[in-house]
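One letter stands for each residue in the lines below.
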Amino acid sequence: MEKFGKSQSVKRVEDLRLLTGHGRYVEDIAPEGSLVAYFVRSTVAHAVIKGIDTAEAKDVDGVHAVLTAQDLIDAGVDMNIEFSQVPNRDGSEGCAAPRPVLATDRVRYVGEAYACVIAETMAQAKDAAELIEFDYDELPAKIDPVPGGEELHPDHTKDNIVYDFCDGDEAAAWASVSAAAAAAACSAWAAAEISAASRCACASPACAAAARAASSASVRAVWAARAASVCSVAACSAAVRASAATRAASSAAVRPSCASVAAARAASAEDSAEARAACADSASAAAAADASCAAVSASAAARAASPWAAAACS
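Residues numbered from 1 in each chain as written. Predicted model: local features only at pLDDT ≥ 70, side-chain atom pairs only at ≥ 80, totals over all residues. Heavy atoms only, no water.

**Remarks on the confidence of the model for the protein chain**
Scored by pLDDT, the protein chain comes out at a mean of 75, with 59% of its residues at no less than 70. Within the model, the stretch residues 229-237 combines pLDDT values under 50 with seven contacts to residues more than four positions away or in other chains. The model gives residues 304-314 a pLDDT under 50, and that stretch makes zero contacts with residues more than four places away or in other chains. (pLDDT = per-residue confidence, 0-100. Contact = heavy atoms within 4.5 Å.)

So this is what it looks like as structure tokens:
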């Protein structure tokens, strides 16, 4: 890239002096004997000004002047702040309400300045500002960004509309917004169906495969709807019903499989019990055979000893 090409970052060179206390500000270079100005601002959002008493504030030491809108008007000062006036869609001119430096007949927002104190120091100016008596009748405030409500400029606006303009194809813009909202609604329904399908409680492979298939089908349907950029509420409902029917059919098909697995497990358990019983019978039979053999051996020994015993008696 060239040394002075476009889109290159510019390194800051002023941070070192600013962070180490070597920076200079307007207050640092104020001429000797200059005065300070402190603006007194409204604490209410909307009110009619009944009077501003500055007599006590003017008597504070170091205060050179306390100005209100009327003082500036009497001195011939143009207080209006210039701004661009935008035409309305119907060709009429937009709002041209005055924007004075200091409030004249009413205040229209919290923080709007209605007086200015000129003093030698800022502390003196603030002390004087606290002595200004501001008399007003509070009005309902306009706080929501929609037409209507309490008029802030009743002589210059209607429904608080400053100007009404449009650039581009309004109908096409609203159509796009409506289509996007419908597509978003369809996506939300599809996402809910996918989440429900993923919560299948059956542990068999067939159920898991069915859930994955249903999820894949739902995802493909969502992306197809987004690509086409058309989706109506009726179509969304139909898709949801179809997905629910598919899930119900899948569950119905899986339940017999689960029942078969359970039956097979039960049969296997019964077979095991029978085998264990057969083994026990075999062990009993073997023990009986051993006892019979022992009895035969004892009988044979007795018969063999019998002739000897008879001879001894004789």
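**Considerations on the side chain of N88**
With respect to the element layout, N88 can be found in the loop between α3 (69-74) and β4 (106-107). At 3.2 Å, the side chain of N88 and the backbone oxygen of E93 are in polar contact. N88 has contacts with E93, G94, V162, Y163 and D164, leaving out every residue within four places of it along the chain. (Helix = DSSP H or I, 4+ residues; strand = E, 2+ residues; numbered from the N terminus. Polar contact = N/O pair within 3.5 Å; in protein donor to acceptor, adjacent residues only side chain to side chain.)

**A few points about the side chain of T54**
Following the sequence through the fold, T54 ends up in the loop between β2 (47-53) and α2 (55-58). Excluding its chain neighbours within four sequence positions, the residues that come into contact with T54 are V66, T68 and I132.

**Here we look at the sheet that holds β2**
Strand order in the open sheet made by the three strands is β4-β2-β6, with antiparallel pairing throughout. With partners counted over all chains shown, the strands left at the sheet margins are β4 and β6 (133-138), one partner each. (Pairing = 2+ DSSP bridges.)

**Observations regarding the pairing of β2**
In the sheet, β2 pairs with β4 via two bridges, with the strands oriented antiparallel. Among the inter-strand pairings, V48 is bridged to a residue of β4, identified as R106. Here β2 pairs with β6 via six bridges, running antiparallel. Looking at the pairing, A47 lines up with E138 of β6.

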